[in-house]
Amino acid sequence: MANPSKHKILVVDDDEAVRDSLKLVLRSSGYEVGLAMNGFDALLQLKRSLPAIVISDLNMPQMSGFEFLSVVRRRFPEISVIAMSGAYESGDDVPGGVIADAFYAKGHGDPQMLLQAVAELIRTSSAHAADHERESAPVWIPRNGKDSHGIPYVVLTCTDCLRSFPLSVMTEDLQKIQETPCLFCSSTVRYIIDFSLSVASPRPDADAPAPATPGTRKATAS
Ligand SMILES: [Zn+2]
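Residues numbered from 1 in each chain as written. Predicted model: local features only at pLDDT ≥ 70, side-chain atom pairs only at ≥ 80, totals over all residues. Heavy atoms only, no water.

**Considering the packing of aromatic side chains**
Enumeration according to the criterion identifies one aromatic pair in this entry. Each ring, one from Phe165 and one from Phe184, has its centre 6.4 Å from the other, and the planes form 65°; the classification is edge-to-face. Taken as a pair, Phe165 in strand S9 (residues 164-168) and Phe184 in the loop between strand S10 (178-181) and strand S11 (188-198) lie far apart in primary sequence, 19 residues in all. (Phe/Tyr/Trp six-rings, centres within 6.5 Å; stacked < 30°, edge-to-face > 60°. Helix = DSSP H or I, 4+ residues; strand = E, 2+ residues; numbered from the N terminus.)

**Some points on helix H4 (residues 111-123)**
Compared with an ideal rise of 1.5 Å per residue, which puts 13 residues at 18 Å, H4 spans 18 Å between its outermost C-alpha atoms and is within 8% of the ideal. Every buried residue of H4 is accounted for by Leu114, Leu115, Val118, Leu121 and Ile122. Taken down its axis, H4 places every buried residue within 130° of arc, on the same side. Residues of H4 that are exposed and point over 90 degrees away from its buried face: Met113, Gln116 and Arg123. Among the residues of H4, the N-terminal cap falls to Asp110, whose side-chain oxygen and the backbone nitrogen of Gln112 are separated by 2.8 Å. (Expected span 1.5 Å × (residues − 1). Buried < 20%, exposed > 50% of the residue type's maximum accessible area, 1.4 Å probe, protein only. Arc of directions from axis to C-beta. Polar contact = N/O pair within 3.5 Å; in protein donor to acceptor, adjacent residues only side chain to side chain.)

**Concerning the environment of His128**
Within the secondary structure, His128 is located in helix H5 (residues 125-134). Residue classification places His128 among the buried residues on the basis of a relative accessible area of 18%. In this view, His128 contacts Ser80, Asp101 and Leu121; residues no more than four positions away in its chain are not counted. (Contact = heavy atoms within 4.5 Å.)

**A closer look at the packing of helix H1 (residues 16-28) against H4**
When two helices pack together, their arrangement is given by the angle between their axes and by how far apart the axes lie. Between H1 and H4, whose axes approach to 11 Å, the crossing angle comes to 60°. The pairing of H1 with H4 is recorded here as oblique in orientation. H4 is crossed by H1, and the crossing has right-handed handedness. Taking contact as the criterion, the partners of Leu22, Val25 and Leu26 in H1 are, on H4, Pro111, Leu114, Leu115 and Val118. Taken together, the residues that form the contact of H1 with H4 break down as seven nonpolar, no polar and no charged. (Axes fitted to C-alpha atoms, helices over the stretch in contact; angles between N-to-C directions. Parallel < 35°, antiparallel > 145°, perpendicular 65-115°, else oblique. Left-handed = near helix turned anticlockwise from the far one by under 90°. Nonpolar A, V, L, I, M, F, W, Y, C, P; charged D, E, K, R; others polar.)

**Side note on the pairing of S9**
Regular strands place their side chains on alternate faces of the sheet. Residues Phe165 and Leu167 of S9 are buried on one face, while the alternating residues Ser164, Pro166 and Ser168, pointing to the opposite face, are not. As paired strands, strand S8 (residues 152-157) and S9 are joined by five bridges and run antiparallel to one another. Bridging across to S9, Thr157 finds its partner in Ser164. Where S8 folds back on S9, the antiparallel hairpin that results is connected by six residues, among which Leu162 adopts a positive phi of roughly 65°. (Pairing = 2+ DSSP bridges.)

**Notes on the packing of helix H2 (residues 39-48) against helix H3 (residues 65-75)**
One way to put it is that H2 packs onto H3 with a least axis distance of 10 Å and a crossing angle of 20°. Of the possible angle classes, the one that applies to H2 and H3 is roughly parallel. With respect to the hand of their crossing, H2 and H3 are arranged in right-handed fashion. Of the residues in H3, those touching H2 at Gly39, Ala42, Leu43, Leu46 and Lys47 are Phe68, Val71, Val72 and Arg75. Per-class residue counts for the contact of H2 with H3 are six nonpolar, one polar and two charged.

**Focus: the confidence of the model for the chain**
Here the chain shows a mean pLDDT of 77. Residues at 70 or above account for 72%. With pLDDT under 50 throughout, residues 1-5 is counted as low confidence; its partners more than four residues away or in other chains account for five contacts. Note on residues 199-222: pLDDT is under 50 here. Beyond four places in sequence and across chains, it has nine contacts. (pLDDT = per-residue confidence, 0-100.)

**Details of the pattern of salt bridges**
Taken as a whole and judged by the stated rule, the model has five salt bridges. Residue Lys106 pairs with Asp57 through a salt bridge whose shortest N-O separation is 3.3 Å. In this pair, Lys106 sits in the loop between strand S5 (102-105) and H4 while Asp57 sits in strand S3 (residues 53-57), placing the two residues 49 residues apart along the sequence. In this pair, the class of Lys106 matches that of Asp57, namely buried. Glu120 is paired through a salt bridge with Arg123; the nearest N and O atoms lie 2.9 Å apart. Of this pair, Glu120 and Arg123 both sit in helix H4, three residues apart, which is roughly one turn of the helix. The exposure class assigned to Glu120 is partly exposed, which follows from its relative accessible area of 38%. A single network of salt bridges, built from pairs that share partners, joins Asp13, Asp57 and Lys106. (Salt bridge = Lys/Arg side-chain N within 4 Å of Asp/Glu carboxyl O.)

Have a look at this one:
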């Protein structure tokens, strides 16, 4: 039987307190633990070495956990992933399409349940890897905002070259899988736009004024 102490786990969360507490819990059970503060940080670490399991928060700045886990599933199908969030009490409440093998309700969940989920995933990892290889997970992206012309756009991250590019969104096809070519390489990026989420932007000018509609605009400013 494999020794769990040989298994490495990568914890991805923008909250340092969460990272540290999970590190303690997992280390006390003999796991080797890596920490990343966001999805980009985590992807860089995954290029260097592969953990058995990634545990990722879903609500993070810069790259959402939904998008990060989608990229992990496509690029590293051998890794099992656990999604965690304080925003949902159980995995059943999480918006459809989350690419994860298990869910941990941060703040509601018992760390023992997380350890059980980790042990179970490690035990069944080869079966999961085979399942993941067969799937073709779309990239899951939140709507980012509107451009200077008032047109909604999203930022896609190519799952092959890992470069990001903006894409205007003309129709709101909720949770329908769509495709577009990567601007940088020849890969096709499959994606789902999550209109229930919007990314908090640090830029104060993120909300461009809505385009003026004839007849609604007053001739003189008050
Ligand atoms: Zn690309």
